[in-house]
Amino acid sequence: MTDIMISRRELRLAETVARQLINAFIRRKLTPAFSDFLVTHLAGVTMLIAVIDTAKLGDHSPYTNPDLLHQLSTDLGGMSVRLSNHSGIRLVILLSPLPKLPHKVNFPVDAPRGRLAIGDSYTGQPVLLDWAQTTHLAVLGNTGSGKSIFLQSLVAQAIRDDMQLLLSDIDQTTFGMLENHPNLAAPIATSPQAALGLIEQALAECDRRAELFKNLPERPQKLSEYNALAVKAHIDPLPRMVVVLDEASTVITALGGAKGAMGQALATLGWRGRKFGEHFIFAAQEFTKDIVGPVRDQVGLTLCFRVRNGQMAERMGCKGAERIPENRPGLAISDRHGPIQTYFVEHSHLGQPQNLFSTMSDLEHSLFSLALSEGGKLPASKVQEWGRISEWQARRMMETWALKGWLAKDSIRDNAFCITPKMQVLLSNHQTAQTGSNRSQTGIKPSQTN
Ligand SMILES: Nc1ncnc2c1ncn2[C@@H]1O[C@H](COP(=O)(O)OP(=O)(O)OP(=O)(O)O)[C@@H](O)[C@H]1O
Ligand SMILES: [Mg+2]
């Protein structure tokens, strides 16, 4: 597949690169199961897409390993080799220089639910991740490079998707506005010891979930399987859980390094968490020598903002992150998707991350619709029962909704709230938005390179 934007020179280059790629696979004892080579031009860049026929492969993992991308790039004389976000395995090799990414991209309000939008890639399209595939994330960057804003955008999406949160914020500069948020499974940790407590809590949750998994005769192997069975069996589905460790190096070092209590607990959570829908995010200015290897082995994606240490960026598969200019906060190199301009979120939105999104969550929608059908009243006891949360958490949640103008205090009963006219409008809009997005009118599409 070619088009008129592609020059003869680029076509010749594509042929050479395709041959080199086959040879590189053979040299590395990998099956060169390419079913197609496509040359395409997208968002100002010409690229060669090498489609791998996954039916001809045994284990897929050697073909999607960030190390392989790195090695292939070396084999191709430093050309950028990426993995496409498309299903199956497609390698993308850039044949022309990258176009410049914008300095600032606001978080897209119509980012799809249930996935993680991390930023715009060089194709100008959002990079969307699946939690189940990504498992854990590493985020690196010097001071002022954009880590906190990125973590906030991530946590805001986790809240939108009704996930549970365990947050550690030693400097108290990243998550302050989320103190007492109802999605928190524990108070925000502000000391290494408290951070260790969070990891232990996450491990205890793995044990609890393991028991629940065992109770089902079908023996589910992952969270999505458990939840599908739970719905059929009329038992409660389990939310995903995100553990965010800002200043991770400081915390791990304070507790004895990779071999200390924290290092060990994290290693256990790394492999146990996958099955039970528990994900962790390590963020740090740098990883010390003893933890860079273990971190690298655990995570499905690394995002490097501007870093001092080029060697470390390279070891994490994010070569070139040391060359990101100081005046480009939010620009990062990822090991799987190349350069990404991560999304900017306004500080004022963060206390109430739901404000970032155009619609309320599906669970909120079902609760409010139910309340509306029952005369518009919403007692705290109902919210408590619905969210399986304490009365205190339910009241805080209702106060948050009241601040957003979704609910108003019932003048007769002190403990109850009523649905506002604004909420009634939102409920009908939500319905329309849902139908609209089914027809894919949301304007945001999964990042694809063809
Ligand atoms: N995605 C982005 N787009 C545009 N500007 C950004 C972005 N992220 C961060 N910035 C700018 O950079 C500043 C610093 O970002 P941030 O606080 O996230 O850095 P940090 O890496 O967490 O630093 P530290 O290690 O000191 O905590 C922000 O106040 C903002 O002005
Ligand atoms: Mg920060």
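Rules used in this analysis
- Residues numbered from 1 in each chain as written.
- Chains lettered and ligands numbered in written order.
- Predicted model: local features only at pLDDT ≥ 70, side-chain atom pairs only at ≥ 80, totals over all residues.
- Helix = DSSP H or I, 4+ residues; strand = E, 2+ residues; numbered from the N terminus.
- Contact = placed C-beta atoms within 7 Å.
- Buried ≥ 20, exposed ≤ 12 C-beta atoms within 10 Å, placed from the backbone.
- Pairing = 2+ DSSP bridges.
- Near = placed C-beta within 6 Å.
- Nonpolar A, V, L, I, M, F, W, Y, C, P; charged D, E, K, R; others polar.
- Core = buried A, V, L, I, M, F, W, Y, C linked by C-beta atoms within 7 Å.
- Axes fitted to C-alpha atoms, helices over the stretch in contact; angles between N-to-C directions.
- Parallel < 35°, antiparallel > 145°, perpendicular 65-115°, else oblique.

Caption draft 1: Layout of the overall build of the protein chain. When its secondary structure is counted, the protein chain shows 16 helices and 17 strands. Restricting the contact set of the protein chain to residue pairs at least 6 apart, pairs at least 24 apart contribute 64%.

Caption draft 2: Looking closely at the pairing of strand E6 (residues 116–121). Within E6, 6 of the 6 residues are buried, leaving the element largely enclosed by the surrounding structure. Of the strand pairs in this sheet, E6 and strand E7 (residues 126–129) are connected by 4 bridges, and their pairing is antiparallel. When the bridges of E7 are listed, Gly119 appears paired with Val127. Taking the residues that link successive antiparallel strands as the turn, the E6-E7 hairpin has 4 residues, and the phi of Gly124 there is positive, at about 85°. Two strands pair when backbone bridges link them, and E6 and strand E14 (residues 338–344) are joined in this way by 3 bridges, in the antiparallel orientation.

Caption draft 3: Spotlight on the site of ligand 1. In the region of ligand 1, 16 residues are neighbours, and Thr143, Gly146, Ser148, Pro329 and Gly330 sit closest. Residue composition of the shell around ligand 1, by class: 4 nonpolar, 10 polar and 2 charged.

Caption draft 4: Representation of the nonpolar core. Core analysis: the biggest nonpolar cluster contains 72 residues, and Val139, Ile199, Val243, Leu245, Ile281, Phe282 and Cys304 have the highest contact counts within it. With 8 residues, the top contributor of residues to this core is helix H5 (residues 147–160). Residues in contact with Val243, not counting those within four places in the same chain, are Leu166, Leu198, Ile199, Ala202, Glu278 and Phe280. Leu21, Val39, Leu91 and Val92 belong to the second largest nonpolar core, which has 19 residues in total.

Caption draft 5: The arrangement of the packing of helix H14 (residues 380–387) against helix H15 (residues 391–403) in detail. One way to put it is that H14 packs onto H15 with a least axis distance of 9 Å and a crossing angle of 110°. In terms of orientation, H14 and H15 fall into the roughly perpendicular class. Side by side, H14 and H15 meet where Ala380, Val383, Gln384 and Gly387 of the first sit next to Glu391, Ala394, Arg395, Met397 and Met398 of the second. Of the residues contributing to the contact of H14 with H15, the split by class is 5 nonpolar, 2 polar and 2 charged.

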